[in-house]
Amino acid sequence: MKKVLILFVLLFLVTGCGKESVTNLDLKKASEEVASIYTNMEDMDKDELKAIYGLDVSLLDEYEIKSSSLSNGYFYAILKVDDKNTKEVKKQMDNLFKVLENQSDLYSPEAVKLIKNRLETSIGNYLIYIVSEDNDAMYDVIKGYVE
Amino acid sequence: MKKKLIIGISIFILFLIICIFVTPFIINFKLVGDDEVTINANHKYYDSGYKATLFGKEYKNVKVTDNIDNLKLGDYEVKYTVRFLFGFRTLKRTIHVVDEESPTISLDGSETIFIGKSQSYEEPGFKAEDNLDGDITDKVEVENKIDVNTVGEYVITYKVKDSSGNETSVTRNVQVQNNDFLNSSIAEFNLTGFYSKVTLVPQEQEYDYFKDVVILGDSNIRRLSNVISKNQIWGHDNLYIKEINHSTFEFQDNNQTVTFEQAMNARKPKYLIITPGIQAGLYMPINTYKEELQLFINNMRNKYPDTKFYFLSILPINTGTIPRWEQKDINIRNYYLAEICNQNNVPFINFADVVKDSEGYAAEEYFNCSAELDCGFHLNQVGREKLIDYIKHLDLEKEI
């Protein structure tokens, strides 16, 4: 009887204990999988991000930012940001999307709609932005790499 | 017997206690993301979910419920309940719905307006929207200290506060000028005769420089491919001066993507004609536009002294894809383009005024209207041939 009790307590300690949330994201692997599903996604150059879109990547601890080489408006950004930079990075990302909207305005009103309906959220210190026809599906892929 | 019964009941009760309270902890059950999340009102909440595994394998018997009302400020909960045998365990995530988002103010008309001295200022209009309060245009306070009798630059400030105290302000510049040229109506605006020092005028004769010309620009330039050789065309749709300076474009003969530096080093054109692009006309703030033009000129002079370069005015628009009132913004940017050319002794090709109608918009005979997204801003075949013919009659070797 005592042994059964000890066994259950040990099991409980091994499996159920510990922190109740996980917030570390394997950013690179998440990005690789998203890019493999949604093809034609290309890295955005950091100098271009600064000069054209106003995003200073030196504020980011780590990042993956890709846009589609087709004119469908697809885009995603997974940004690891220190708390002290979060507000400024969010402001710069708002500006980035304004520029993306202007670029798509003339030729791709569908892309403009997708940009306006983008997914913006965070997991721990990671800001996540997704522009696609199925934002939830792309988000599910990213969430799978949280540990 | 009694002793065995008591032991049996005790074991059964212990078993129940273990099943209900302990065995759910055998599931490795955690929230993904923080256990407290803040979202702004009227923004969708995206749940980051949970992880539940039993001995390394995904465990699916988890129910997720929430009571979130993202239109009402307050605290809400998302509950994740895992069930195993007779027991269950619940994790909670608290969602704080707040209003920390400032309202937005959008201005009708141009961000910079030019008026002649003593002319009256007419407010083009504005709209204000808030994520929680909706349309709050009537709450906008406008501060306007323009003195129309004194030449100078003035700023109109538009301010609005939402019910949560978040505030926004935007500004519009108004320039009161002696020279009311920039305040010309769309029909009156014409750069012919202005900055004649740098403006190339077509001659009767056709020159043989054209075979060494490369033209760099947006969709109007890309579409010249059925009039001239593709190896004379660089660019892509929507390309504008800021992208030329800081991003990439394509050689139209082989679709290779290049930076400006790579393009110049690879092809070394003898004559390069550049248009700042319709995007510059529609969206670039004037100061940024002037800075990028100057940057381009400095770059050319410093790095590529063997290439002669020329600016081509931004083409006009008409009713169609782009709202007609935008012609005023394009005119202003062409004015500053000519001015910068004049300041820097860069030849200016004013083709835009050649293809306008009597009202100052893109003349129908030269422009396409084939679809909702291709109406009133792309040259048609006649317009494209006219542009090339115009360039062929320019003395590109003229000393400025």
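Quantities reported herein were computed from a predicted structural model and do not represent experimental measurements. (Residues numbered from 1 in each chain as written. Chains lettered and ligands numbered in written order. Predicted model: local features only at pLDDT ≥ 70, side-chain atom pairs only at ≥ 80, totals over all residues. Heavy atoms only, no water.)

### A short note on a nonpolar patch on the surface
All names here are of chain B.
Reasoning step 1: Together, L5, I9, F12, I13, F15, I17, L85 and F86 give the surface a local cluster of nonpolar side chains, amounting to about 840 Å² of exposed area.
Reasoning step 2: Mapped onto the secondary structure, L85 falls in the loop between strand 6 (74-84) and strand 7 (87-98).
Reasoning step 3: Taking relative accessible area as the criterion, L85 reaches 57% and is therefore assigned exposed. (Patch = residues over 30% accessible without salt bridge, like charges linked within 9 Å, V, L, I, M, F, W, Y side chains within 5 Å. Areas by Shrake-Rupley, 256 points an atom, 1.4 Å probe, with all protein chains shown as cover. Salt bridge = Lys/Arg side-chain N within 4 Å of Asp/Glu carboxyl O. Helix = DSSP H or I, 4+ residues; strand = E, 2+ residues; numbered from the N terminus. Buried < 20%, exposed > 50% of the residue type's maximum accessible area, 1.4 Å probe, protein only.)

### A look at the pattern of salt bridges
Reasoning step 1: Following the criterion strictly, the structure yields 21 salt bridges over all chains and no others.
Reasoning step 2: Where R93(B) meets D47(B), a salt bridge forms, and the shortest distance between an N and an O atom there is 3.5 Å. With R93(B) in strand 7 and D47(B) in the loop between strand 2 (36-40) and strand 3 (50-54), this pair connects stretches of sequence that are 46 residues apart.
Reasoning step 3: Between E397(B) and K308(B) there is a salt bridge, and its shortest N-O distance comes to 3.8 Å. Of the two residues, E397(B) sits in the segment after helix 8 (381-392) while K308(B) sits in strand 20 (residues 308-312), which places them 89 residues apart along the sequence.
Reasoning step 4: Classification of E397(B) by relative accessible area gives partly exposed; the value is 28%.
Reasoning step 5: Residue K308(B) is classed as partly exposed on the basis of its relative accessible area, which comes to 32%.
Reasoning step 6: Linked by salt bridges that have partners in common, K28(A), D43(A), E64(A) and K66(A) make up one network.

### As for the sheet that holds strand 2 of chain B
Residue and element names in this part refer to chain B.
Reasoning step 1: Taken in spatial order, the four strands of this open sheet run 2-7-6-5, and their pairing is mixed. Each edge of the open sheet is held by one strand with a lone partner, namely strand 2 and strand 5 (62-66). Neighbour to neighbour, the strand axes of the sheet diverge by 20 degrees on average, direction disregarded.
Reasoning step 2: Note: strand 2 against strand 7, five bridges, orientation parallel. Bridge assignment links I39 to a residue of strand 7, and that residue is V97. (Pairing = 2+ DSSP bridges. Axes fitted to C-alpha atoms, helices over the stretch in contact; angles between N-to-C directions.)

### Side note on the nonpolar core
Reasoning step 1: F75(A), L79(A), M93(A), F260(B), L272(B), F296(B) and F311(B) are the most contacted members of the largest nonpolar core, which has 96 residues in total.
Reasoning step 2: For this core, the leading source of residues is helix 7 (residues 326-344) of chain B, giving eight residues.
Reasoning step 3: Ignoring sequence-local partners within four residues, the contact set of F260(B) consists of L216(B), I244(B), S247(B), F249(B), L272(B), F296(B), N299(B), M300(B) and Y304(B).
Reasoning step 4: Counting 29 residues, the second largest nonpolar core, distinct from the first, contains Y209(B), I228(B), L312(B) and L394(B). (Core = buried A, V, L, I, M, F, W, Y, C linked by side-chain atoms within 4.5 Å. Contact = heavy atoms within 4.5 Å.)

### Some thoughts on the packing of aromatic side chains
Describing an aromatic ring pair means giving the distance of the ring centres and the angle of the ring planes.
Reasoning step 1: This structure, assessed with the given rule, holds 25 aromatic pairs over all chains.
Reasoning step 2: Through successive ring pairs, a cluster of aromatic residues spans W234(B), F249(B), F251(B), F260(B), F296(B), Y304(B), F309(B) and F311(B).
Reasoning step 3: For the cation-ring pair, R118(A) lies above F97(A), with the distance from its terminal atom to the ring centre recorded as 4.1 Å.
Reasoning step 4: For K392(B), the ring lying beneath its charged end belongs to F210(B), and the centroid distance is 5.5 Å. (Phe/Tyr/Trp six-rings, centres within 6.5 Å; stacked < 30°, edge-to-face > 60°. Lys NZ or Arg CZ within 6 Å of the ring centre and 35° of its normal.)

### So, the domain arrangement of chain B
Reports often express the size of an interface as the amount of accessible area lost when the parts come together.
Reasoning step 1: With domains assigned, chain B is organised as domain 1 (2-98), domain 2 (104-177) and domain 3 (189-392).
Reasoning step 2: On a C-alpha basis, the centroid separation for the pair domain 1 of chain B and domain 3 of chain B is 63 Å. (Domains from an automatic or database assignment.)

### Topic: empty space enclosed by the protein
Residue and element names in this part refer to chain B.
Reasoning step 1: Evaluated as defined, the whole model comprises two cavities of 30 Å³ or more.
Reasoning step 2: Estimated volume of the largest cavity: approximately 110 Å³.
Reasoning step 3: Forming the boundary of the largest cavity are 13 residues, of which D218, N220, I278, I314 and L315 lie nearest the centre.
Reasoning step 4: Breaking the lining of the largest cavity down by element, the ones donating at least two residues are helix 2 (219-222) and strand 23 (374-379). (1 Å grid on protein atoms, 1.4 Å probe; cavity = no way out; pocket = protein on both sides within 12 Å on 5 of 7 lines; lining within 4 Å. Points joined across faces, edges and corners; volume = space filled by probe spheres on them.)

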